[in-house]
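Inside the fold
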Amino acid sequence: MNFGGPDDLAFSQPAPAAVIGDRYELRLLLGSGGMAEVHLAHDLRLDRSVAVKTPRTDLAHDPALQERFRREAMSTASLNHPAIAAVYDTGEHFSYGWQLPYLVMEYVDGTTLREALSSGPPLTVERAMEVTASVLEALAHSHQQGIVHRDIKPANIMVTWSGQVKVMDFGIARDARDVGMTQTSMVIGTAQYLSPEQAMGHAIDARSDLYSVGCLVYELLTLRTPFTGDSPMAVMYQHIQEEPRPPSLYNPEVGPQVDVIVLRALAKDPAYRYQSAQEMLADVEAYLGAQTVLDRTFDSVDEEPDGDDTAESGRRRGNAALIGTGVAVVVAALVLGWFMFGRGAAGDGKTDVPDLVGQTLEEARRTADNVELTLTVARNEPCADQPKGHICTQTPVDGRLDKGEAVSVTVSTGAPKVEVPDVTDKDEDDASRVLEDKGFKVKLRHKVSARDAGTVLAQDPAGGESVEKGTEITLTVAKEAEKATVPDLTGSTLSEARKLLAEHDLELGDTTEVESSAAAGTVVEQSAVAGDEVEPGSSVDVQIAKSVQTVQIPADIIGKTLAEVQNELGDLGLQASVASGYSQASDAVVTSSTPAAGSEVEAGSTVVVVTEEPQDTSPDDGTPDDGTSTTGATTDDQ
C-alpha cells in the first residue's frame, strides 16, 4: 500500500483524474478509511509524486473533521525528521458543493505495520526492536518540538519497501504546552493503545506516547495487544486496572531485557515509565547493540561516548577502523602471496598443476593451456561420480611441472548403469531415502489424489529399469485438494472482512444485522468457523451488530457523593465502578469519570469514577455535639 496517512485505509480502485488547488493532479485512489481518502497525485509545479489527503465527501462539512485536518497540518509542519511523513502543503478545494480541506504529504511507498502484522511473516525480536527504535527517534523529535502524537498504533506507522520507518497522522496531536493538554478532557485515541491517563480523560504529556509505544512493541513481538476485550470500554478498563503479562509468555524468543523495556513503558503511573523517548531509545539501542557482534566490535574500538553526537562519531571511527583493518589484511595477503608464489614461479620455469577433476574435457584443456601445460587423454571409461564427458581422474593430481609438460586425464563415458528400485506406494520420505542410497537424485512432483497425502503414485524412470547412477528420478506424490483457510472475521467491519476473505481466496456472502453489544457494523458471527478448511472461492455469511442504544452520562455527577452518582447512573441503566485505589465510601465525592461526564455511552456500560474523601464538617472549636461545656465546670462551681 502506498499513501501518506489516514487511519486504517483499505485498497480502492483508481478514481477519475482531477486537479486540486490548480496544482495537484489526482491519479489513483490509494485508500479510504472512516474519515479520509488518500490519492496518489502528481505535483505539476515540482514534477514529483505526492499523496493528497482529503475528507470523505459525506463528512466534508463536519467542523470537527476540518479542525483535525487543520491540526494535522500545523503539527506536522513544525516537524522535520526522516522518520516522520512530511506535510508539504494545505488548502481548500470546492467540490460536491462544499469547501473540502486537503493536505499534500510526502508519498510513502510501503505498507503499514497493521498490514504487515495481518498478512506478513512475524517480525523477529531484533526487527521489532529496530522498528521501535525508529518510532522513538520520530517521537523524540516531535516531543522536542512540544508535539504529543496521542495516537501511536500500527495503522499510523509505515515501513517503506527499503525498510525505512515513517510515523504518520498527527491529526489528533496536540502541543504539550496547550492548556487543553493539562485539563480533564474527552477520551481521544484508539482503545488498544490508550495510556491509563488518556482512558480516564486526565492530563497527558509525552509519556503517554511512550505507553502507546509499549503497546505497539508488545503487538510486534506477540501479534496481540497487551489488553483485549469485547468492547473499547472493556479494554480501557483493563488499561486502568490490570497489569500486562510479560511478552515472553507469548513469544519464547523474547528475552528478559526486552520484557523489562516493554513493561517499563507500560507502567500505569507515568512517573514509573520512561520519562522521555530518548531514555527509552537508549535502552532499545543498548539491546540491539548487544545482539550484534559487529556492534560489540565497535564498542571495543570506540572511546566512551559522550552524548548522541559523540556516540555517532565513535561508530564512524569504529567503522573506519574495521575497514582499514580489512584493507590492511588483504594487502598483506597479496604481498605474501607474491613473495611465496609469484617470484618463485617466474624464476624456476615451473607452474602449479591445476585441479581438473569435474571439468568437461574442453574446460580442462583451456585450464591447462592457461598455465602453459598440455593435456593428454589416457582413456575413456565409466565413472561413478562424474557425468559423461567430464574428467574422472588426473595424473599428477597436484604439485609443480615444467611449463609445456602434460597432465594425463581419464574421461568419463558415463556412470555405470544401476537398476532403479520400485518405490511406488511408499511414503515420499522413505522412497527418496531408498533412491538416494542407490546413488540417484530425486525430484518430487505433487498431484491431487484421493490416496493418502505423501504416497508415491508413480515414478520415472520406472522401477526395474537400468539407468546411470546419479540419474534424476521423478516421483509423482499424492497431495490433498487445495483448501482455503477461513480467517477470523470477529470484530471486523464489512470492508475489512471482505479484504480478509479475499486474501484467503474466499468471498463475503450474505450479511444479517443482529442485536449485539459489539461495536455497530462489526462482525459478531460467521457461517464458517475460523481455521476451517474450505474450497477456494467459497462464500462466508456474516452477522453484524446493529447500532446499539446509547445514553448520556449526566454532566453534573462531578461533586456528588458516590451513593448519589450510583443511584443516578443506575436509573439510566449504567453501572458505576470506583477506580482502583480510591474510596468506595457512599459519602465519598466523585471528582472525575471515564468516560467523561456528558459523554454518550452504550446502555449498560460501566462508568469508572475517581473519588476523594468528604471534607470533615464537624465543629472545630472544641465544643461537643451535645452542647456540654468542655471545661467540665458549671456557673455555680465558678
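Bear in mind the structure is a predicted one, so any value in this text is a computation, not a measurement.

1. Notes on the overall build of the protein
A count of helical and extended segments in the protein gives 14 helices and 31 strands. Within the protein, buried positions represent 39% of all 638 residues. Within the protein, contacts between residues at least 6 apart in sequence are counted, and of these 64% link residues at least 24 apart. Carbon together with sulfur atoms contributes 49% to the accessible area of the protein, which is approximately 33,200 Å² in total.

2. What about the nonpolar core?
Among the nonpolar cores identified, the biggest contains 57 residues, and Met129, Val135, Leu136, Leu221 and Val258 are the most heavily contacted of them. Counting residues per element, this core draws most heavily on helix α3 (residues 125-144), which supplies 10 residues. Beyond its immediate stretch of four places on either side in the chain, Val258 contacts Val125, Met129, Leu221 and Tyr287. Within the second largest apolar cluster, 13 residues are counted, among which are Ala484, Ala497, Leu501 and Ala528.

3. Brief notes about unusual backbone geometry
Cis rather than trans, the peptide bond between Asp460 and Pro461 has omega equal to 0°. Assignment of secondary structure puts Pro461 in the loop between β19 (456-460) and β20 (466-468). Backbone torsion omega between Thr594 and Pro595 reads 0°, so that peptide bond is classified as cis. With respect to the secondary-structure elements, Pro595 resides in the loop between β29 (589-594) and β30 (600-602). Phi is positive for Leu223, which is not a glycine, with a value near 60°. Mapping Leu223 onto the fold places it in the loop between α5 (206-222) and α6 (232-241). Residue Leu223 is classed as partly exposed on the basis of its relative accessible area of 45%.

4. Description of the packing of aromatic side chains
By the definition in use, this model includes 2 aromatic pairs. Note on Tyr24 and Tyr102: the rings are 6.4 Å apart at their centroids and 65° apart in plane angle, and the pair reads as edge-to-face. Separated by 78 residues along the polypeptide, Tyr24 in strand β2 (residues 24-32) and Tyr102 in strand β6 (residues 98-106) bring together distant segments of the chain. Taken as a pair, Tyr24 and Tyr102 share a single burial class, namely buried. Over the aromatic face of Tyr250 sits the side chain of Arg224, whose NZ or CZ is 4.2 Å from the ring centroid. The positively charged end of Arg264 is found above the aromatic ring belonging to Tyr274, 4.2 Å away from the centroid.

5. A short note on the side chain of Thr522
As for its position among the elements, Thr522 is in the loop between β23 (507-514) and β24 (523-526). According to the relative accessible area criterion, Thr522 is buried, its value standing at 10%. Here the side chain of Thr522 touches Ala519 through a polar contact of 2.6 Å, landing on its backbone oxygen. When neighbours within four sequence positions are excluded, Thr522 is seen to be in contact with Gly491, Ser492, Gln543, Ile544 and Ala545.

Rules used in this analysis
- Residues numbered from 1 in each chain as written.
- Predicted model: local features only at pLDDT ≥ 70, side-chain atom pairs only at ≥ 80, totals over all residues.
- Heavy atoms only, no water.
- Helix = DSSP H or I, 4+ residues; strand = E, 2+ residues; numbered from the N terminus.
- Buried < 20%, exposed > 50% of the residue type's maximum accessible area, 1.4 Å probe, protein only.
- Contact = heavy atoms within 4.5 Å.
- Areas by Shrake-Rupley, 256 points an atom, 1.4 Å probe, with all protein chains shown as cover.
- Core = buried A, V, L, I, M, F, W, Y, C linked by side-chain atoms within 4.5 Å.
- Phe/Tyr/Trp six-rings, centres within 6.5 Å; stacked < 30°, edge-to-face > 60°.
- Lys NZ or Arg CZ within 6 Å of the ring centre and 35° of its normal.
- Polar contact = N/O pair within 3.5 Å; in protein donor to acceptor, adjacent residues only side chain to side chain.

Remember, this is a structural readout, not a statement about activity or role.
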